[in-house]
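Architecture at a glance
Here are the chains, one letter per residue:
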Amino acid sequence: MTVLNSVCGENLACIRGGRQVFGDLSFRVNRGEALSLEGPNGSGKTSLLRLIGGLLPPSAGFVNLLTDKGQIREPEERARLAAWLGHQNALKPQLTPKETLAFFARFYGPRLGASAAIDAVVEVAGLSRIADVPCQYLSAGQKRRLAIARLELAGRPLWLLDEPFSSLDASGKKVVRDMIGAHCASGGIALVATHEPLDVESRRLGLA
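Owing to the predicted nature of the structure, the values given are computational and were not obtained by experimental measurement.

On to the overall build of the protein chain. Looking only at helices and strands, the protein chain has six helices and nine strands in total. For a compact globule of 208 residues, the expected C-alpha radius of gyration is about 17 Å, and the protein chain comes in at 17 Å, within 12% of that figure. Working note: accessible area of the protein chain is about 10000 Å², and carbon and sulfur atoms make up 49% of it. Here the protein chain contributes 25 positive and 20 negative side-chain charges, whose respective centroids are spaced 3 Å apart.

Next up, the structure:
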């Protein structure tokens, strides 16, 4: 597995709909760290995450991933190291949580055997009680937990999380914070766009 040592942005600018969302933005996040992206709606938090993940080209500047195999600037190559969580949960209503995670296990290729990995993730996410219930019957918070739980199967060192606490109650938020903390403790990197305190040891990047 590729070891990701740092994620760097150099003099980044983003223009959407003819409007500059942000400009001259630089940052660095090292292995084992989390970065909290903070700012009001429209300040560019989601756009920055998409830009880092190779889903959106910068108007200026560049993103550089430093790995044990060298530097990566190509967007498609960056995307292969990133696990993305957006506003949409990307869940099929007819599938159960276990079936959903089995799909993503096949898609990503889990670090453990598929069955062992899925059972472990279900337990960590607090979904054991509803693991065999179709997703259409889950609450908004349970769906959000499941959406985040699939990142555990990705085996990718870079997590890009856009408002991961949305729809979650206090216990759900703790589950997600524990997941982010464990990911970073294992050498991963997490960039998190959030309107509330991350409550995980992290650095902060404010967008105006």
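We are not done yet, so read on.
Right, let's get into the sheet that holds strand β5 (residues 70-72). Strands sit in the order β2-β1-β4-β5 across an open sheet of four strands; the sheet is antiparallel. Pairing within the sheet leaves two strands with one partner each, and these edge strands are β2 (19-30) and β5. With direction set aside, neighbouring strand axes in the sheet form an average angle of 20°. Where strand β1 (residues 4-16) meets strand β4 (residues 60-67), seven bridges bridge the pair, whose relative direction is antiparallel. Bridge pairing in β4 links Cys8 to Asn64.

Closest axis-to-axis distance for the helix α5 (residues 140-149)/helix α6 (residues 170-185) pair is 10 Å, and the angle between their directions is 5°. Considering their axes alone, α5 and α6 lie roughly parallel with respect to each other. Side by side, α5 and α6 meet where Arg145, Ile148 and Ala149 of the first sit next to Ser171, Gly172, Val175, Val176 and Met179 of the second. Partitioned by chemical class, the residues of the contact of α5 with α6 number five nonpolar, two polar and one charged.

With that settled, the discussion passes to the nonpolar core. Core analysis: the biggest nonpolar cluster contains 38 residues, and Leu101 and Ile180 have the highest contact counts within it. Looking at this core, the elements with two or more residues in it are β6 (82-85), α3 (97-108), α4 (114-124), α5, β7 (158-162), α6 and β8 (189-193). Filtering out sequence-adjacent residues up to four positions away, Leu101 remains in contact with Ile118, Val121, Val122, Leu146, Ala149, Arg150 and Leu153. Leu12, Cys14, Leu48 and Leu160 belong to the second largest nonpolar core, which has 28 residues in total.

So, on to the environment of Thr46. Take Thr46: it is sitting in helix α1 (residues 45-52). Contact partners of Thr46, with chain neighbours within four places excluded, come to His87 and Asp162. Within polar-contact distance, the side chain of Thr46 engages the side chain of Asp162 at 2.6 Å.

With twelve residues, α3 should reach 16 Å at 1.5 Å per residue; the first-to-last C-alpha distance of 16 Å fits that figure. Where α3 is concerned, the buried positions are Pro97, Thr100, Leu101, Ala102, Phe104, Ala105 and Tyr108. The first or second residue beyond α3 is Gly109, which carries a positive phi of 80°.

What counts and how
Residues numbered from 1 in each chain as written. Predicted model: local features only at pLDDT ≥ 70, side-chain atom pairs only at ≥ 80, totals over all residues. Heavy atoms only, no water. Helix = DSSP H or I, 4+ residues; strand = E, 2+ residues; numbered from the N terminus. Rg over C-alpha atoms; globule rule 2.2 N^0.38 Å. Areas by Shrake-Rupley, 256 points an atom, 1.4 Å probe, with all protein chains shown as cover. Lys, Arg positive; Asp, Glu negative; His and termini not counted. Charge placed at Lys NZ, Arg CZ, Asp CG, Glu CD. Pairing = 2+ DSSP bridges. Axes fitted to C-alpha atoms, helices over the stretch in contact; angles between N-to-C directions. Parallel < 35°, antiparallel > 145°, perpendicular 65-115°, else oblique. Contact = heavy atoms within 4.5 Å. Nonpolar A, V, L, I, M, F, W, Y, C, P; charged D, E, K, R; others polar. Core = buried A, V, L, I, M, F, W, Y, C linked by side-chain atoms within 4.5 Å. Buried < 20%, exposed > 50% of the residue type's maximum accessible area, 1.4 Å probe, protein only. Polar contact = N/O pair within 3.5 Å; in protein donor to acceptor, adjacent residues only side chain to side chain. Expected span 1.5 Å × (residues − 1).

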